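# What the coordinates show
Given next are the chains, with one letter for each unit.
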Amino acid sequence: MSQNYYPEGDSFRQSLSGRYRIANIWQALFLSALVIAVLSLVALLYNVIDGAFGYVAFEYKNDPSKFTAKPLDDLTRQELLDILKVNLSSGAYTKLDNEKPMQERSGSVLYTLVLERLIQIDTKQTWSMTDSILRSAEIKAEIAQKYPKAKLEFRSWLTPVFLTTPMSSKAEFAGVRTAILGSLWMVGIAILFALPIGIGAAIYLQEYANKNFINRVIQTNINNLAGVPSIVYGMLGLAIFVRALEPFTSGSMFGIMDSNGRTILSAGLTMGILVLPLIIINAQEAIKAVPDSLRQAAFGVGATRWQTTWHYVLPNALPGILTGSILAVSRAIGETAPLIIVGASTFISIDPSGPFSKFTALPIQIYQWTTRAQPEFHAIAASAIIVLLILLLTLNAAAVLLRNHVQRKY
Amino acid sequence: MNQLDLSKKTRIGESVIQTLLFIAGFLSIFITVAIVYELGKEAWLFFGNPDVTFAKFFGTTTWQPSIGQFGILPLVTSTLITSFIAIFVSLPLGLAVALFLSEYASPKARSALKPVLEILAGIPTVVYGYFALLFMTPLLQKIFGEQTVEVYNMASAGIVMGIMILPLISSMSEDALSAVPRALREGAYAMGATKFETSIQVVLPAALSGIGAALIIGISRAVGETMIVAIAAGSGPNFTFNPFKAAETMTGHIARISGGDLSYNSIDYTSLFAIALMLFLVTLVLNLISQTVINRFRQRYE
Amino acid sequence: MQNTQIPEYAIETKNIFIFYGAFPAVSEVNLKIEKQKITAIIGPSGCGKSTLLRAFNRMNDFVPSSYLTGKILLHGQNLYGKNIDPVEVRRKIGMVFQKPNPFPKSIYENISWGAKINGFKGNMDELVEQSLRDAALWGEVKDKLKKSAYELSGGQQQRLCIARAIAIQPDIILMDEPASALDPISTLRIEELMQELKKNYTIIIVTHNMQQAARVSDYTAMMMLEKDGSRSGTVIEYSETKRIFTNPKDRRTEDYVTGRFG
C-alpha cells in the first residue's frame, strides 16, 4: 500500500490557509468585475455631462454694428423686429411669418433670430466641462492667442430653451422640440396599436388557450420575436408600412397630397410591432400572477370566462400590465435603428401636425448630431442625451413606484 | 313548475370575444410570417439578379452592389469581430458579477447593486454609440497611440457593446446559479469545502447550461446591434482583421444605406434585405438553441 | 478497583441550546455518543432532530440567524470555540443527506474531488476503489467510473454519497434520514452497509422510521417538544436501543415507540 494519507493538524491548517488565500484573490477579482461595471456606468454618464457644458469660443460672422448702432442687448423688441424686416430677404421673412407671425414672437426669440440669421455665429472651439473647470486660465490664454477676436463664454448647452426650440441646421441654435414631439407622437401611435392587441393576446394565451400544438407554437414564436434585432423590425416596417401600405400611411387615401410613406404613422406602427412581444410577455406574467382562487370564485357564481377575465382577472393584473406598458414605452422611446430605416427625416424643423407628417425623434437627433464632425454638434448631442435619459428615468421610476405600490397592496 | 334548462346556450358575445382574442394571439405568427416573406421576397430578387452569384456573395471581399461587387465577407467579418470583442468583454465580466452577486454579496449589497445593472441595461444604444465614439475611441487612442487606432474602429464599438451586454449575461447567469439546489451546495460544504471551492467547482458546473444559454443570447444581441457600430465602427465595408481599423458591420451598413436616398427597385434596396434576412436567420437560430438549452436546464432541476 | 478508565466518547454535547433568532429550536441537550456505535435520534416531526444533527458538523451556520450556546466536544475540543474553523470541523464529521445529492461530475470525480480539496496525497485510484468497496458499490460501478453520477439509481447514488463521505476519513458520519427517499430494497442495503461501516466509523442517524432505529442502532436518543409548550425540542431519554424499545423510562417515549402517537 503506497503512501496514502491526508495532511492532519498543522499541515492541514497550512493547506487550508492556502485555499483561503486563493479564494480571497478570486473574490477580489469578482468584485473588481462589479467595480468595472459600476465605473463604466459612471464613465458614461460623466462623458455625457462633460460634453453638454463647457467653454465655447465663437466669433460673429457679421459685425452687429452693420445692423444697429446700439449694443445688441439693449435693443427693444420692436427694434429687433425692424432690423429683421429690413435685413432679411422678403422670402425668408415671409416664410418665418407664415410659420408663426413675427408680431407674436417674444423679444428673446427675435433676439435669437437676429443672432442666427443676420449676425451668424461661427464656433471656433469647444471644451469639455472638466477642461473648462480645470484649465480655465490655460484656455483663456490659448484663445487670446489663436482667436483674438473671439468671445469666450461658459455655456450650458442644455437649457430650457433647448427643449422648446425646433431643429436647426446650426448647432448653436438647434433645439429638441421637433424631436420630442415626434417621439411622443410615434410612441403614442405605437402604444395605441400594441397595447390592446398585446393584452388581448396575453389574455388569450393565459385564459383561453389549451396546451395544444398551435398554442405552444404561438408562445415560442412570441419569445423569439422578443429577440429579433430591432433593425429587422425596421426592414419589416419599410417593406410593409412605408412601401406596401403607402396609400394608407402617407394619407393619400385620405386626400393628403404631396406625401410619401415615411410618416409618423409608419414609424408608430413599426415601433408598435417591435414592442408587441414585450407587452404580451409582460402582460402574461401579470395575468399568471393573479391567484387562481379569484377565478374559481367567479366561475363558482356562474360567470362566463370573459366576464371572469374582464371583471376579476384584468383589474387584478392591471398594475402589472401598466408596469409592463411603461417599460414598453421606454423601449420605444430609446430605439433608433428602426426609425432610421423607416425614414426619419434628416432635417425637419416643423412640428409634426398629425400622423401623416414627416418626423424626427429624439434618438434620431442624437444619432445625427453625434455623427457630425463639428464639436458643437457633439455638445448638443450630449444635451439631447441628457434629456432622453431624464425622460427614461422618470418613466422607469414611475414603473418601479407602481410596482412597489402594488406589492404593498397585496 | 319551472323547467330547469341547463343546456348550452350560444353566447354570441363570448364567441366574438374569443375569436378576437385568438386573432390577437395569432397575429404574432402573422408578424413572423411577414418578416420571412418580406425579407425573403426582396432577398430572392437580389439573388435572382444575374450578376449575383453565391460564389461572389460568399467568396469575394468587396461589397459595393451599385458597381457589381457582391462580396458579403467584409460586412460579415466586421460583425463577427465586433461581436467577438463584445463577448470577450461581457462574458468574463458578466459571469464574475453573477458569481459575486449570487455567492458573496449580502442581500443589502445585492439590492443596491442590481439597479446599477438594470440602468446599464436600460440605456438606449444610441447613447452607448456616443460613448464609444467620444470616450472609448479617444481612450484607446491614448493607450495605443493615434497611429494605431483609427477614429472609427471595431474595438471601441466592440468593447462598448460588451458593456451593454454585460447586464444581460450577468442576470441570466445569476438566475442559473440560483437555480442550483441548496442540497448540492450542502453536499460540498459537508465535505469540508470552502465557499469558493463550492461555488466554482460544484455550483458553476451545475449551472453551466444556463450560463451557456446566456452566452448564446449575448451573441445574438451583439450580432443584431446597430447603433453602437453605426456610430463608432466605421462607415464603409472593409475586409480586415485589425480591430483598430474602421469596418462597417452588416447592421451598420443597412442603417447607413437606408438613411440615404433609396429607390425601391435598385440593387442596393434588395441587397439590404438579403443582409437583413441573414441577420434574422442567424439570430433566430441562436435564440432557438438558447431556449432549448434553458428548457433542458430547467427540467433537470425541477 | 483497578479499572477507573473513563470510556472516551466519540463526541459529546454539553448543555447545548440551538437558537433561530430568539427562538430555541433545541434546548438543553446533553449527549455522550459512543465510539464506533450507531446512535439513532428519533422523535415526531418538527421536534428538532435534524437541527440537532446539523449542529454536530456546524451546518446550522449557514442559517444566518442561527447560533448555539453550550459546547460540543470532539476529542476534548469545543467545536464551537472561538478559533475553530467550521471547514475543519466538516472535514472530520461527514454527512449523508436525505435526498441523494451527488455532484454533477463522474462517479470517480465525486469521490476524488473531496479527497483533492482536502489535500490527499497518494494513489487516487486506490482511494476511489476502496471507498466504493466500503460503500458496497464497487461491483456495480467499476466499469463505468467515468460516467455521470446522475446515471445511477437512487439507492446507488446514496451509496455513492456514503462512499465520498468516507473517502476523506472522517471520525463521525452523520446521516439525516438517509433512506427515506429510497425504496425498501435500497433501504435494506443501506442498513446492512451501516453495520459494516460502524466497525470503523461512529454513526449518528436521524430517522423518523422507528423500526429502522430499532433494527439498526445500538443507542437511541428520543427527542420531543418540551411539555411547557415552548415548541422547543429536547432529548427526553437516551440509552441503549434495546432498553428504549422494550422498557423505556419516560411515559412519552413509551407512547411514541408503541405507536400510540407520533
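Anyway, here's the lowdown on the structure attached to this text. As the structure is a prediction and not an experimental result, all values here were calculated from the model.

Rules used throughout
- Residues numbered from 1 in each chain as written.
- Chains lettered and ligands numbered in written order.
- Predicted model: local features only at pLDDT ≥ 70, side-chain atom pairs only at ≥ 80, totals over all residues.
- Pairing = 2+ DSSP bridges.
- Helix = DSSP H or I, 4+ residues; strand = E, 2+ residues; numbered from the N terminus.
- Contact = placed C-beta atoms within 7 Å.
- Nonpolar A, V, L, I, M, F, W, Y, C, P; charged D, E, K, R; others polar.
- Buried ≥ 20, exposed ≤ 12 C-beta atoms within 10 Å, placed from the backbone.
- Axes fitted to C-alpha atoms, helices over the stretch in contact; angles between N-to-C directions.
- Parallel < 35°, antiparallel > 145°, perpendicular 65-115°, else oblique.
- Left-handed = near helix turned anticlockwise from the far one by under 90°.
- Expected span 1.5 Å × (residues − 1).
- Bend = angle between axes of the 7 residues up to and from the residue.

## Quick notes on the pairing of strand β2 (residues 23-33) of chain C
Residue and element names in this part refer to chain C. Both strand β1 (residues 11-20) and β2 contribute to a ladder of seven bridges, which runs antiparallel. Of the residues in β2, the one forming a bridge with Ile18 is Val26. Hairpin remark: β1 followed by β2, antiparallel, with two residues in the connecting loop; positive phi at Gly21, about 65 degrees.

## Details of the interface of chain A and chain C
Taken together, the nine residues of chain A in the interface contact 13 residues of chain C. The residue makeup of the side of chain A that touches chain C, split by class, is five nonpolar, four polar and no charged.

## Some details on the environment of Tyr233(A)
Residue and element names in this part refer to chain A. The topology assignment puts Tyr233 in helix α10 (residues 230-244). Of the residues examined, Tyr233 has 25 C-beta atoms within 10 Å and is grouped as buried. Separated by 158 residues in sequence, Tyr233 and Leu75 place their C-alpha atoms 52 Å apart. Setting aside chain neighbours within four positions, we find Tyr233 in contact with Val228, Thr270, Ile273, Leu274 and Pro338.

## Details of the interface of chain A and chain B
On the side of chain B, 66 residues touch chain A, which itself brings 68 residues to the contact. Take the side of chain A that touches chain B: its biggest share by element is 20 residues, from helix α1 (residues 9-52) of chain A. Among the residues making up the side of chain A that touches chain B, the classes are represented as 47 nonpolar, 18 polar and three charged.

## Here we look at unusual backbone geometry
All names here are of chain C. Phi is positive for His75, close to 50 degrees, though the residue is something other than glycine. Here His75 lies in the loop between β4 (66-74) and β5 (77-78). Within the chain, Gln169 stands out as a residue other than glycine whose phi angle is a positive 55 degrees. Here Gln169 shows up in the loop between α6 (154-167) and β7 (172-176).

## What to know about the packing of helix α4 (residues 107-122) of chain B against helix α6 (residues 154-179) of chain B
Residues and elements named next belong to chain B. Taken N-terminus to C-terminus, the directions of α4 and α6 make an angle of 130 degrees; their axes are 8 Å apart at the nearest point. Between α4 and α6, the angle is such that the two are oblique. As α4 runs across α6, the sense of the crossing is left-handed. Residue-level inspection shows Leu117, Glu118, Leu120 and Ala121 of α4 in contact with α6, the latter providing Ile163, Leu166, Pro167, Leu168, Ser170 and Ser171. The class makeup of the residues in the contact of α4 with α6 is seven nonpolar, two polar and one charged.

## Quick word on α6(B)
All names here are of chain B. In this model, α6 (26 residues) spans 36 Å end to end at C-alpha, consistent with the 38 Å of a helix rising 1.5 Å per residue. Considering bend angle alone, the principal kink of α6 is centred on Ile165 and spans about 40 degrees; proline Pro167 follows within four residues of it. Counting buried residues along α6, 22 of its 26 residues qualify, which places the element largely inside the surrounding structure.

## Structural notes on the sheet that holds strand β2 (residues 121-126) of chain A
Residue and element names in this part refer to chain A. Pairing within the open sheet is antiparallel, and its three strands lie in the order β2-β1-β3. Each edge of the open sheet is held by one strand with a lone partner, namely β2 and β3 (151-156). Averaged over all neighbouring strand pairs, the angle between strand axes comes to 40 degrees, with direction disregarded. With five bridges joining them, strand β1 (residues 53-60) and β2 adopt antiparallel strand pairing. Note on β2: the bridge partner recorded for Val56 is Thr126.

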